[in-house]
Amino acid sequence: MDRSGSGTKVQLLPEHNGCSAIQEASPDASFIYTLDNNRLSMKQRQFYEDNGYIVIKNLVSNEKLGIYKDRFKRICKKEVSVPGMLIMKDVAVTSSEYVPGEKAVAKIQDIVLDEILFGYCCLPELIDYVECFTGPDIDARHTMLINKPPDTGSKSSRHPMHQDLHYFPFRPANRIVCAWTAMVNVTKENGCLVVVPGTHKEKLLPHCFPDWENGVNKMYHGIQNYDLNQPRVHLEMEPGDTVFFHPILIHGSGVNRTQEFRKAISCHFASSTCAYIDVAGSTQENIADEVIEIAKKRLGRKVDISYEDIWEFRNRAVRRKAPISPISRL
């Protein structure tokens, strides 16, 4: 089994705002954020170009969602151990009494390390759409299953408005896309995604931890001095619905006001031609320092590890123009 990354040569680029000299343009010059592919209609391409996101209904089957839900439960119950996978608890749970099983887990990251959950990243019906944004050589870069808990009154289940590119030390931004699939009915009540259409055309903004009274979950950075008056769209979705969105699109999610957990599975995909940048001295340095600190707590203080090393570890090839090693297709 090929668990290595893309093998992309590290290249330091001067830009940090998502733009660079290695942008891969579509043959149709009127499109910047999508590539020629027969999967998206012209109308769909134009919607993404204008808004920075698009929802595809009923893309992932209930059968496959059931497989991922069952795997998540088994991981939470410690029936399955996946070395390297990051299991995260909500700050409200970590500060309260012990809660067993999946109720204690708000998110698992790096699901690329588990063959069953990695199957989501390899679904042909998903990857065919991803190729519209990344091109044919595709890597899974950032993977997670989100289990947003019912809010206890602390509002810790919300996610501040942010841009995903803040976390990524690779470019160009236009060849990165997130696929986010609802595993249950996702509504305003249980904290659906909220997006600010058109903001993918802007630059990467400075992020930090929001000053929230009851604490913030690890790595939940938000845009500094965010204007709450910006027009927002709530993306209410049914199981299997999948939203694809640009890494500079401003988005977040609200409080889960129901008694049920809101589940979603997602992967950030990128072209294998994307190259690393040096985030030192940039607005991304704070998240890089935090991620490295978490890694050293797990691996040991004496471990010499860089931000790029961490991202290479969680990177996995999904599709190539030429065949790649066999991978799970569940």
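Residues numbered from 1 in each chain as written. Predicted model: local features only at pLDDT ≥ 70, side-chain atom pairs only at ≥ 80, totals over all residues. Heavy atoms only, no water.

A few words on the pairing of strand E4 (residues 138-148). Most of E4 is tucked away, with 11 of its 11 residues classed as buried. Note that strand E3 (residues 107-109) and E4 share 3 bridges and pair antiparallel. The partner of isoleucine 108 across the bridge, within E4, is leucine 145. One ladder, built from 3 bridges, connects E4 with strand E16 (residues 316-319); its direction is antiparallel. Following the sheet pairing, aspartate 139 is matched in E16 by alanine 317. Inspection of the sheet shows E4 paired to strand E14 (residues 262-271) by 10 bridges, in the antiparallel sense. Within E14, the residue paired with leucine 145 across the bridge is isoleucine 265. (Buried < 20%, exposed > 50% of the residue type's maximum accessible area, 1.4 Å probe, protein only. Helix = DSSP H or I, 4+ residues; strand = E, 2+ residues; numbered from the N terminus. Pairing = 2+ DSSP bridges.)

What follows concerns the sheet that holds strand E11 (residues 233-235). Read from one edge of the open sheet, 4 strands run E5-E13-E8-E11, paired in antiparallel fashion. Two strands in the sheet have a free side with no partner beyond their single neighbour: strand E5 (159-162) and E11. Strand-to-strand twist of the sheet, defined as the mean angle between neighbouring strand axes without regard to direction, takes the value 25 degrees. By the bridge criterion, 3 bridges tie strand E8 (residues 193-195) to strand E13 (residues 251-253) in an arrangement that is antiparallel. Looking at E13, one finds that valine 195 is bridged to histidine 251. (Axes fitted to C-alpha atoms, helices over the stretch in contact; angles between N-to-C directions.)

Further remarks concern the environment of arginine 171. Here arginine 171 lies in strand E6 (residues 170-171). Along the sequence, arginine 171 and cysteine 274 sit 103 residues apart, while their C-alpha atoms lie 5.2 Å from each other. A polar side-chain atom of arginine 171 sits 2.7 Å from a polar atom in the side chain of glutamine 284. (Polar contact = N/O pair within 3.5 Å; in protein donor to acceptor, adjacent residues only side chain to side chain.)

What follows covers helix H5 (residues 124-134). Regarding H5, the residues found buried are Leu126, Ile127, Tyr129, Val130, Cys132, Phe133 and Thr134. Positive backbone phi, approximately 90 degrees, marks glycine 135, located one or two places after H5.

For the structure shown, the criterion picks out 15 salt bridges. One salt bridge connects lysine 57 with aspartate 241, and the closest N-O pair in it is separated by 2.7 Å. Highlighted residues: lysine 57 in the loop between strand E1 (53-56) and helix H2 (62-76) and aspartate 241 in the loop between E11 and strand E12 (242-245), separated in sequence by 184 residues. Judged by its relative accessible area of 2%, aspartate 241 is buried. Between aspartate 139 and arginine 320 there is a salt bridge, with its nearest N and O atoms 2.7 Å apart. With a gap of 181 residues between them, aspartate 139 in strand E4 and arginine 320 in the segment after E16 connect regions that are remote in the sequence. Accessibility assignment for this pair places aspartate 139 and arginine 320 in one class, buried. (Salt bridge = Lys/Arg side-chain N within 4 Å of Asp/Glu carboxyl O.)

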